[in-house]
Amino acid sequence: MCMVTFLAGCNAAVDVEQQVDELYNKMSQEERIAQLRSMYMDELFDDQGKLDEAKCRELIPNGIGHFSQYASQKPLDPNVLRDRVAAVQEWLINNTPNGIPALFHEEVLSGVNTRGATIYPQQIGQACSFNPELAELKTRQTGTAMRKMGGVLSLSPMVDVCRTPSFNRLEESYGEDGYLSAVMGVAFVKGLQQGDLKKGVGTCSKHYLGYGGGGDAEEKELMEDILMPHETMIRLAGSKTVMPGYHAMADTNGVKTNCVANSLVLQDILRGYLEFDGMVVSDYTAIDQLPDLPDAVHKAAAAINGGCDVDFPHGANFAHLQEAIDQGLVKPEVLERAVKNVLRYKFRAGLFDNDAYLYSKEQITLDSKEERQTAYDIATQSVVLLENNGILPLNTSNLKPETSNLNVLLTGPNANSMWAMCGDYSFPAMTYFWKMMEKDLDHPHVITLLEGMNGHKPEGINIKYSRGCDWTEEIETKFNTGAGDERAWDYYILHRKVDSGEKADKQEALAMAKECDVIIAAVGENVMLCGENRDRKGLRLPGKQEQYVEELIKTGKPVVLVVFGGRAQVISGLAEKCAAVIQAWYPGEEGGNAVADILYGKVSPSAKLSVSYPNAEVYEPLCYTYSAEKDSRVQWPFGYGLTYTTFEYSDLQVDGEITTDYPAVNLSFKVKNTGKVAADEIAQVYIGAGDNSQLTNNNSQLASNQKPQTSNLKPQTLQGFARVSLQPGETKTVKVKLYTEQFGFYTHEGQRQWNIAPGSFIVKVGASSADIRLQQPVTLKGETVKKPIREYYFSETTIE
């Protein structure tokens, strides 16, 4: 039956639930189960790229719910890709019993994961920009492009609060802070979904809950920090898809259970506490990995009973759902819940509308000038200047005023490589890793650091280049099974090293170094040394890179160390010997231009660390919120970053005393650029525990709901920030509204709730978590206010 005939009135103001019920009741059991499964679109096309209708009748006679990573399976022109989506959708609408279109999904972490699409900086770097407006612009551009190509759902973003520095997927996250991750996650949703699932692309909050180490946190940390990005994406921005992580957590009975089948995580917290009414999808092969179950029937039952609605990437386990129902392992109402969650999403996305936006009919062009500009802007705001003895910015007047020429040696394994720029889940990285394709990956063109420095160099600067050193001499990628996507548990996928295509001649580079004035050493990781399923031994620089930099330093020439990669790499002992240190992360297709412009001083660096940067190899959670005292394992603290000017903070004004039922605390302060260079300062607002001893002693006769809850207060936590653009000598006033709920805390004594209790706090304003410039006490008085869940999560900031 044709979809348009069946649902001719879908544009009328009819209740979605009624539509879902009516459609569900018309469907056969086979159709219902098909909605909970997925497949790869390429399985339906012949070698000439034509839809094979015989295969369609064989494989999807009852339709299909989803198509997995539809845009990244082959390097296709976006118009060809769109045409294939159109052919499949038309076949489904006209040849399946109820004509239900499919949800085509793709990864969009740093842009659409398809050949030719813009490659934006990796998320860990973007978090260092503290710029949600730019993050929203990026995903708006991404969503517009993907929807044109027929994509309706993304499997992004990853908003795991990652506090373990060694975590190999840290690059996909926004770092260690729950507040910053939540702000950036909400911006991601707003941009990608565009406020309307019928026009934008749906987001997926992953990897719920506590993947990357957070799942082992105490309940208070879990619910206040680790949950916060998921919670805000769902409750504030309308994200309607959740993907559980591969990891296990304690369930309602205290038994460690994989999240994909964990009813505490997926039902009690997600659908109960957060009131989530969307769709839960498995991570790829996550249901396959459920332990201690005899077969796919029992695995399917465990997952769907636990709260998972969809089986990715193939639906291999959910193909056995009817057997599970027949054996009494799954109740019919559980199947009904899952199917209706999928159908509800499709109605929300407008797939049944008469004018459904299933794909664009216009000519599609990717990587526009505007998109490249956005990629450049994010990159310049993502690169963190960690140290600078005055060597930067590079220019003849700064370094060699007596001559008009400055000779610069650029060297190192990441000096002339696209792998310094492209993080995991970009199309080149995914194609290289999963498809094992090593050639013709530069689409769109990725600007290397060498290209950027040559193309953007000021007059009088001469660039010499010699690679000098490879990433590694031996294969360092560890071969591990039992973690992540099991499709990667393959010796040949993991047992290889990247071939740069260039000779690394150390003696040539050292000879050049002696003839130059400054050395730029571009070091760090690549696609095989960091990322999902990829890890290596240790967190210091890979291979013999550290020894190579030591030899460069011995030449007596100043060395600027530029570190690329997906996580903080331990460079203590080396950084102190360098004239400057830059953490560039994976800065995307315009990364070479962005880093070059920062080196040359065309752009003043402004990024601040979204992680605590360790000085030793740390394999356990590390976070600035754990203590107000300096952690000896941290070399550069959360929120830290240098620029080419100086800033002065002054005149902090704060509401010193309010009641617990009052909506907000208002504060203001001034920031002045006291240097000679225009730049942005990221001013940060923290809330810390004050001195509650006097309050506790003086209030011994008060009722329990009026006493300060000192044990529930954190030493400090980020609760606001402002990116302030200032010309030399310019002063601006920052005004912040801190909602009283931001002073609150979570408890679970019989029921989950959020509490705003009386107590003494300190509001801190600083340039980093360890560089507090201004602070004042704030006292909350009155009775404890209890709410079933928070209403306000983020402070509001204006700059005058």
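Everything that follows concerns the structure shown earlier in this document.
So, a few notes on the structure that sits alongside this text.

Reading guide: rules and limits
Here the residue index of a chain counts from 1 through its sequence in written order. The model is predicted, so local features are restricted to residues of pLDDT at least 70 and side-chain atom pairs to those at 80 or more, both for listing and for counting; the totals for chains, interfaces and linings are taken over all residues. As a convention, hydrogens and water are excluded, and side-chain values are obtained from all of the structure's heavy atoms. Numbered from the N terminus, helices here are DSSP runs of H or I no shorter than four residues, and strands are runs of E no shorter than two. Three exposure classes are used, based on accessible area relative to the maximum for each residue type with a 1.4 Å probe and protein chains only: buried under 20%, partly exposed in between, and exposed over 50%. Under this definition, polar contacts are N or O atom pairs within 3.5 Å; protein pairs additionally need one hydrogen-donor-capable and one acceptor-capable atom, and for neighbouring residues in sequence, both atoms have to be side-chain atoms. By definition, residues are in contact when any of their heavy atoms lie within 4.5 Å. We call a set of buried residues a nonpolar core when its members are Ala, Val, Leu, Ile, Met, Phe, Trp, Tyr or Cys and they connect through side-chain atoms within 4.5 Å of each other. A pair of aromatic rings is counted whenever rings of Phe, Tyr or Trp (Trp by its six-membered ring) have centres within 6.5 Å, and the orientation is called stacked for planes under 30 degrees apart, edge-to-face for over 60 and tilted otherwise. Any Lys NZ or Arg CZ that is within 6 Å of a ring centre and within 35 degrees of that ring's normal is treated as a charge sitting over the ring. Each pair of strands is called paired provided DSSP finds at least two bridges between the two strands. Orientation is described by axes fitted as lines to C-alpha atoms, over the contacting stretch for helices, and by angles from 0 to 180 degrees between their N-to-C directions. Orientation categories follow fixed angle ranges, with anything under 35 degrees roughly parallel, anything over 145 roughly antiparallel, 65 to 115 roughly perpendicular, and all other angles oblique. Side-chain classes are defined by residue name, with Ala, Val, Leu, Ile, Met, Phe, Trp, Tyr, Cys and Pro counting as nonpolar, Asp, Glu, Lys and Arg as charged, and the others, Gly among them, as polar.

### Some words on the side chain of Gln123
Moving on, step 1. Relative to the elements of secondary structure, Gln123 occurs in helix α6 (residues 123–127).
Moving on, step 2. Judged by relative accessible area, which is 0%, Gln123 ranks as buried.
Moving on, step 3. A distance of 3.1 Å separates a polar atom in the side chain of Gln123 from the backbone oxygen of Met158.
Moving on, step 4. Sequence-distant contacts of Gln123, that is, excluding residues within four places in its chain, are made with Leu109, Pro157, Met158, Glu171, Glu172, Ser173, Tyr174 and Phe188.

### Notes on the nonpolar core
Moving on, step 1. Grouped together as the largest cluster of nonpolar side chains are 198 residues, with contacts concentrated most on Phe67, Leu561 and Phe669.
Moving on, step 2. Per element, the largest residue contribution to this core is ten residues, and it comes from helix α8 (residues 178–193).
Moving on, step 3. Residues Met418, Tyr425, Tyr432 and Val518 belong to the second largest nonpolar core, which totals 53 residues.

### Notes on the packing of aromatic side chains
Moving on, step 1. Counted according to the given criterion, the structure contains 20 aromatic pairs.
Moving on, step 2. Ring centres of Tyr273 and Tyr746 lie 6.2 Å apart, and the angle between their planes is 75°; this geometry places the pair in the edge-to-face category. Of this pair, Tyr273 sits in helix α11 (residues 263–273) while Tyr746 sits in strand β24 (residues 745–748), and the two are 473 residues apart along the sequence. This pair shows no difference in class: Tyr273 is buried, exactly as Tyr746 is.
Moving on, step 3. Their ring planes at 5° and their centres at 4.2 Å tell us that Tyr739 and Tyr792 sit as a pair that is stacked. Linking Tyr739 in strand β23 (residues 731–739) with Tyr792 in the loop between β28 (785–787) and β29 (796–799), this pair joins segments that are 53 residues apart in sequence.
Moving on, step 4. The class of Tyr739 is buried, set by a relative accessible area of 9%.
Moving on, step 5. Look at Tyr792 and you get partly exposed, because its relative accessible area is 38%.
Moving on, step 6. The ring centre of Tyr425 lies 5.2 Å from the NZ or CZ of Lys206, which sits over that ring.
Moving on, step 7. Taking the ring centre of Phe433 as reference, the NZ or CZ of Arg534 above it sits at 3.7 Å.

### Some points on the sheet that holds strand β9 (residues 279–280)
Moving on, step 1. If you walk across this open sheet you meet the three strands as β5-β6-β9, and the pairing is parallel. Every other strand in the sheet has two partners, leaving β5 (205–208) and β9 as the edge strands with one partner each.
Moving on, step 2. Taken together, the two bridges between strand β6 (residues 241–244) and β9 define a ladder with parallel strand orientation. Note that in β9 the partner of Thr241 across the bridge is Met279.

### Describing the packing of helix α9 (residues 219–226) against helix α10 (residues 228–235)
Think of two packed helices as two axes; the pair is described by the angle between the axes and how far apart they sit.
Moving on, step 1. Between α9 and α10, the least distance of the axes is 6 Å, while the angle of their chain directions is 40°. Considered as vectors, α9 and α10 are oriented oblique to each other. Only Met228, Pro229, His230 and Glu231 of α10 make contact with α9, whose side of the interface consists of Met223, Glu224, Asp225 and Ile226.
Moving on, step 2. Classifying every residue of the contact of α9 with α10 by side-chain character gives four nonpolar, one polar and three charged.

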